[in-house]
Amino acid sequence: MATTNITPGPKALVVGLGISGLSTAISLHQAGWTPVIVERAPQRRRGGYFMGFFGLGQSAAKRLGYLDAMHDRLGAGSVTYEMDRAGNRAQGIGFSASHIGVSSWMLLRSDIENAAFAALPTDIEIRYSTSPTAIVQSPDGVVVTLADATTGQSITERFALVVGADGIHSSVRALVFGPEEEFIHRLGYMICAFELPDALPGMQTNEGAIIAEPGRSFWAFPFDDHAPTALFSYRTDDPIAERTKARQVGVRNRLREVYGPEPAGEILDFALDTLDHTDEFLYDSVEQVKMDRWHEGRVVLVGDSAWCPCLYSGMGATTAVGGADLLGTLLAENPDDIERALQKWEDTIRPYVDTFQGLGVRNRLNFTPADPKEARTRRRTLGVLRRLISNPLFGRIASHVPAVRKRGDDLLEIARAA
Ligand SMILES: Cc1cc2nc3c(=O)[nH]c(=O)nc-3n(C[C@H](O)[C@H](O)[C@H](O)COP(=O)(O)OP(=O)(O)OC[C@H]3O[C@@H](n4cnc5c(N)ncnc54)[C@H](O)[C@@H]3O)c2cc1C
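How each quantity is defined
Residues numbered from 1 in each chain as written. Predicted model: local features only at pLDDT ≥ 70, side-chain atom pairs only at ≥ 80, totals over all residues. Heavy atoms only, no water. Core = buried A, V, L, I, M, F, W, Y, C linked by side-chain atoms within 4.5 Å. Buried < 20%, exposed > 50% of the residue type's maximum accessible area, 1.4 Å probe, protein only. Contact = heavy atoms within 4.5 Å. Near = heavy atom within 4 Å. Polar contact = N/O pair within 3.5 Å; in protein donor to acceptor, adjacent residues only side chain to side chain. Areas by Shrake-Rupley, 256 points an atom, 1.4 Å probe, with all protein chains shown as cover. Nonpolar A, V, L, I, M, F, W, Y, C, P; charged D, E, K, R; others polar. Pairing = 2+ DSSP bridges. Helix = DSSP H or I, 4+ residues; strand = E, 2+ residues; numbered from the N terminus. Phe/Tyr/Trp six-rings, centres within 6.5 Å; stacked < 30°, edge-to-face > 60°. Lys NZ or Arg CZ within 6 Å of the ring centre and 35° of its normal.

Visitor: Give me the lowdown on the nonpolar core, citing residues and values where you can.
Guide: Counting residues in hydrophobic clusters, the biggest one holds 83 residues, and the most contacted among them are Tyr66, Met70 and Trp345. What Met70 contacts, discounting residues up to four positions off in sequence, is Phe53, Ala61, Trp105, Leu107, Asp111, Ile112 and Ala115. Residues Cys192, Leu196, Ala246 and Val258 belong to the second largest nonpolar core, which totals 29 residues.

As C-alpha cells, then:
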C-alpha cells in the first residue's frame, strides 16, 4: 500500500472492496475525505477473469495513481480462433476488435484490483466481514448500522457520505433506493467465468478460442503472459430457475447438461475439467442495472451497483474507475454543496452509461447467438468485420462512431467542458 499523510477530512463510508470501492476510496482520499471501507467477504478476493480496460478508465486510473502498475497483457501476435468441438478452426476476431479506434488494454480483473489496492493510502481503514444493515439519513449526515459477521456485533456510526460500491446485488441500493427487482434487467443468459491453469490443449497462451453454438458458447480469452481465462455463456428463459437448478445439481454438472449431450471435445473438456477442480469461479445471470437516480441525499452508488452495463459491453470496470475518479474531483470542487457535486457527476456519466448499456445488449449476439438464425447473422457479421478490419482506414473512421469514441473519452474533461 502507498504511504501518505493523515488527512482528517469528513468521514465517508465506502461499501465494497472491488474495483469501484478501491477507486472511490483513493479518489475521496485525494479530495481530502477520510474514507472507511467495509467489505462483506472475510478477505480480499484474488481470482480474476478477462477484462477490456479502455481509455476512459485508463485516464482515470492514471489520476488515481495506479495505471503504471498495470499493463496490456495482449500483444499484436495474439490470435483468437472460431472453432468447433472437433477442433476445426478459422481465424476469428475475439476481443481484438475492441482495439479499433480507441486505446484498450486486455487484462485480468485482479490486475486492476491489485494495482488499486497497492495504491490505497495506508491510513484508509478496511473492515472485512462487515456489511451495512440499516442506513438513516439526516440533512447533515448518514447513520449506518454495520454488522460484523465474525463477532456477530453491530455498531452504528455517522458518516458525511456513504458510497455503495457493493456490486450488482448491492445492499446499499436495497436499503436506500428500493428492492433489487425494481432495478435489475435480466438479459436471459447465464455465465460462468474462471481462470484456466494453462493454454488450451495444443495451443499457446496467446491463442484464444470461441465455440459459438446456437444458445450456448464458450470463449477462452488469450494473454501473452498469463494462461487464458474461460467464459461459458448460455441462453435461458428463466435465469432465476436456472440458478436454482445449478444450486441443486452443482454448477459443474449443470454446465455439462447444458453443453451436452454431444461429446464436449478436447477444448470444452479441458475447461469443464478445470471447473471440476476449482472453487474460484463466477456463476451468475447476465444483468443490467437501470436507475433514474444514482444518489439520494448523501448516499451515492458507483459502478455495478448503480449502472452495471453487463459483461457483454466490456465497459463495467472502465466506467467504475472513471466514475470513482470523477466523484472525488467534483466533491472537491463543490465542498459546500454535495447535491450539486453529485448531480453534476450523474449528468456527466449518464450519457456514457446509456451508450454502454446499449452496447451490452447489441454485443450479446457476438458473445452468444440465441438461435440458429442469430448464429447465421453472427457469422455474416464476422465475415464483414474481418474485411473491414484489414482496411487501415477503418480504425480512423471507427474512432468517430459515438459508442467507440466514448470508450476513450476522459470524463473529467467532459465534466469541465459542460
Ligand atoms: C465474466 C465477466 C467479464 C467481464 N468483462 C469485463 C470487461 O471486459 N471490461 C469491463 O470493463 N468490465 C467487465 N466486466 C465487468 C466488471 O467485472 C465489473 O463491472 C466490475 O468489476 C465492477 O466492479 P464493482 O467494484 O462495481 O463490483 P464488484 O466487483 O461486484 O465488487 C463489489 C464488492 O462489494 C462487496 N460487497 C457486496 N455486498 C456487500 C455488502 N453488503 N457489504 C460489504 N461489501 C459488499 C463484494 O464482496 C465485492 O468485493 C466483466 C464482468 C464479468 C462477470
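Visitor: I'd love a proper account of the site of the ligand, names of residues and values included.
Guide: Near the ligand you find 33 residues, and of these Ser20, Glu39, Arg45, Ser171 and Ala317 are the closest. Side-chain polar atom of Arg45 to an oxygen atom of the ligand: 2.7 Å apart, as the coordinates give it. A distance of 3.1 Å is found between a nitrogen atom of the ligand and a side-chain nitrogen or oxygen belonging to Ser131. Computed on the free molecule, the ligand has an accessible area of 1,000 Å², of which 90% lies beneath the protein chains in the complex. Taken together, the residues of the shell around the ligand break down into 16 nonpolar, 12 polar and 5 charged.

Visitor: Please give an account of the pairing of strand S9 (residues 141-148) that cites residues and values.
Guide: In this sheet, S9 lies alongside strand S8 (residues 130-138) in antiparallel orientation, the contact comprising 8 bridges. Residue Ser138 lies in a different strand from S9, and its bridge partner there is Gly141. Hairpin geometry of S8 and S9 is characterised by an intervening segment of 2 residues between the two adjacent antiparallel strands. Here S9 pairs with strand S10 (residues 154-159) via 6 bridges, running antiparallel. Of the residues in S10, the one forming a bridge with Ala147 is Ser154.

Visitor: I'd love a proper account of the packing of aromatic side chains, names of residues and values included.
Guide: Overall, the coordinates contain 14 aromatic pairs when judged by the stated rule. With a centroid separation of 5.0 Å and 35° between ring planes, the pair formed by Tyr312 and Phe367 is classed as tilted. Highlighted residues: Tyr312 in the loop between helix H8 (304-307) and helix H9 (316-333) and Phe367 in helix H10 (residues 338-367), separated in sequence by 55 residues. Judged by relative accessible area, Phe367 falls into the buried class, the value being 3%. Among the aromatic residues, those joined into a cluster by ring pairs are Phe50, Tyr189, Trp219, Phe221, Phe223, Tyr312 and Phe367. Over the aromatic face of Phe117 sits the side chain of Arg44, whose NZ or CZ is 4.1 Å from the ring centroid. The aromatic ring of Trp294 is capped on one face by Arg350, whose charged end is 4.0 Å from the ring centroid.

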